[in-house]
Amino acid sequence: MTAAGHGAAEERHLSIGGVIALLSPDFPDLTVSKVRFLENEGLVTPERTASGYRRFSVEDRERLRYVLTAQRDRYLPLKVIRDELEALDSAIADGSTTALLPRHGADGVPGSTPDDFRSDTVLRLTRENVVEQSGVAAELVDSLVDAGLIVAGAGGFYDPEAVLVARTAHDLAAHGVDVRHLRGFRTAADRQTGLITQIAGPVARQGDADARDRAAELAREIAALSVALHSTLVTVAVRHALES
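Residues numbered from 1 in each chain as written. Predicted model: local features only at pLDDT ≥ 70, side-chain atom pairs only at ≥ 80, totals over all residues. Heavy atoms only, no water.

- As recorded in an unreviewed UniProt entry, the protein goes by the name MerR family transcriptional regulator, listed as coming from Dietzia psychralcaliphila.

**Looking at the side chain of S33**
Item 1. Tracing the backbone shows S33 in helix 3 (residues 32–40).
Item 2. Look at S33 and you get buried, because its relative accessible area is 19%. (Helix = DSSP H or I, 4+ residues; strand = E, 2+ residues; numbered from the N terminus. Buried < 20%, exposed > 50% of the residue type's maximum accessible area, 1.4 Å probe, protein only.)

**Describing the pattern of salt bridges**
Item 1. One pass over the structure, following the stated rule, counts 12 salt bridges.
Item 2. A salt bridge links E128 to R127; the shortest N-O distance between them is 3.6 Å.
Item 3. On the basis of relative accessible area, R127 is assigned to the partly exposed category, the value being 30%.
Item 4. Salt bridges linked by common partners bring E39, R48 and R54 together as one network. (Salt bridge = Lys/Arg side-chain N within 4 Å of Asp/Glu carboxyl O.)

**Considerations on the nonpolar core**
Item 1. Ranked by size, the top nonpolar core spans 23 residues in total, and within it L38 and I81 carry the most contacts.
Item 2. Where this core is concerned, the elements lending two or more residues are helix 2 (16–23), helix 3, helix 4 (58–74) and helix 5 (78–93).
Item 3. For this core, the leading source of residues is helix 4, giving 5 residues.
Item 4. Here I81 is in contact with L43, V67, A70, Q71 and L76, once residues within four sequence places are set aside. (Core = buried A, V, L, I, M, F, W, Y, C linked by side-chain atoms within 4.5 Å. Contact = heavy atoms within 4.5 Å.)

**So, helix 8 (residues 161–173)**
Item 1. With 13 residues, helix 8 extends 18 Å from end C-alpha to end C-alpha; this agrees with the ideal 18 Å at 1.5 Å per step.
Item 2. The set of residues buried in helix 8 consists of A162, V163, A166 and A169. One side of helix 8 carries all its buried residues, which in axial view fall inside an arc of 130°.
Item 3. At its buried positions, helix 8 is contacted by helix 6 (127–134), helix 7 (138–146) and helix 9 (179–204). (Expected span 1.5 Å × (residues − 1). Arc of directions from axis to C-beta.)

**Focus on the confidence of the model for the protein**
Item 1. Taken over all residues, the pLDDT of the protein has a mean of 80, while the share at 70 or more is 82%.
Item 2. The weakest mean pLDDT in the protein belongs to helix 1 (residues 3–12) at 49; the strongest belongs to helix 7 at 95.
Item 3. Predicted confidence for residues 1–10 stays below pLDDT 50, and this span has 2 contacts to residues more than four positions away or in other chains.
Item 4. Across residues 97–122, where pLDDT falls below 50, the model places 53 contacts with residues more than four positions away in sequence or in other chains. (pLDDT = per-residue confidence, 0-100.)

**Quick look at the packing of helix 9 against helix 10 (residues 211–243)**
Item 1. One can describe the packing of helix 9 onto helix 10 by two numbers: an axis separation of 8 Å at closest approach and a directional angle of 155°. The angle between helix 9 and helix 10 places the two elements in the roughly antiparallel class. As for how helix 9 packs across helix 10, the hand of that crossing is right-handed. Listed contacts from helix 10 to Q192, I196, I199, A200, V203 and A204 of helix 9 are A211, R212, R214, A215, L218, A219, I222, A223 and S226.
Item 2. For the contact of helix 9 with helix 10, a count of residues per class yields 11 nonpolar, 2 polar and 2 charged. (Axes fitted to C-alpha atoms, helices over the stretch in contact; angles between N-to-C directions. Parallel < 35°, antiparallel > 145°, perpendicular 65-115°, else oblique. Left-handed = near helix turned anticlockwise from the far one by under 90°. Nonpolar A, V, L, I, M, F, W, Y, C, P; charged D, E, K, R; others polar.)

**Notes on the side chain of E39**
Item 1. Here E39 is to be found in helix 3.
Item 2. Residue classification places E39 among the buried positions, given a relative accessible area of 14%.
Item 3. Apart from the residues within four sequence positions on either side, E39 is in contact with V44, P46, R48 and R54.

So, in structure tokens, the structure goes:
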């Protein structure tokens, strides 16, 4: 094999450290234990060398990026992501989609570019960022902050979800639901947070390398189930109220 050919082969198959270096600009919290956790869960299955080292192909990296993006931007539990991947795999097998097939980036290397999966929001938002990105009045954002529906984190910055809270509150206001009516949602969310923390907290403290990842996945799954249950209960209650 020529030197150029050897380099191309190396580019197509990366070690676990190489994968983390490739993806860390978009996923700065990615660690070796996180990748191993996703591998143990069957979300990505890299090849192994004769000596046991992982070798991540372009397709493996595409798949890993898909999983990490679904977790970060859509807060999906792994069960849902696994179902999506199985559906995509089936579609790829019958030729109806190329969603996870390698594509050529600007540098000619197969695979997605970071912009293909980049979130529309930044990780740390100022009040002005929230107002600008949500498109709502600054007064509404201030009211939501005062009501505890938008909460600043470390350094006084807000999470990206603050934009969604502001937009949702604005849409509810169009139906006559103002900020004082929304405080109950904050109270309910706090109760659910306490319950989820009680369940996931002990898992995070188990001490092994995958403990925090298992706890985060457990919390994500319980949160998704809680939202589904809440939505169902409200739907049924409203239906009965309108029928009475």
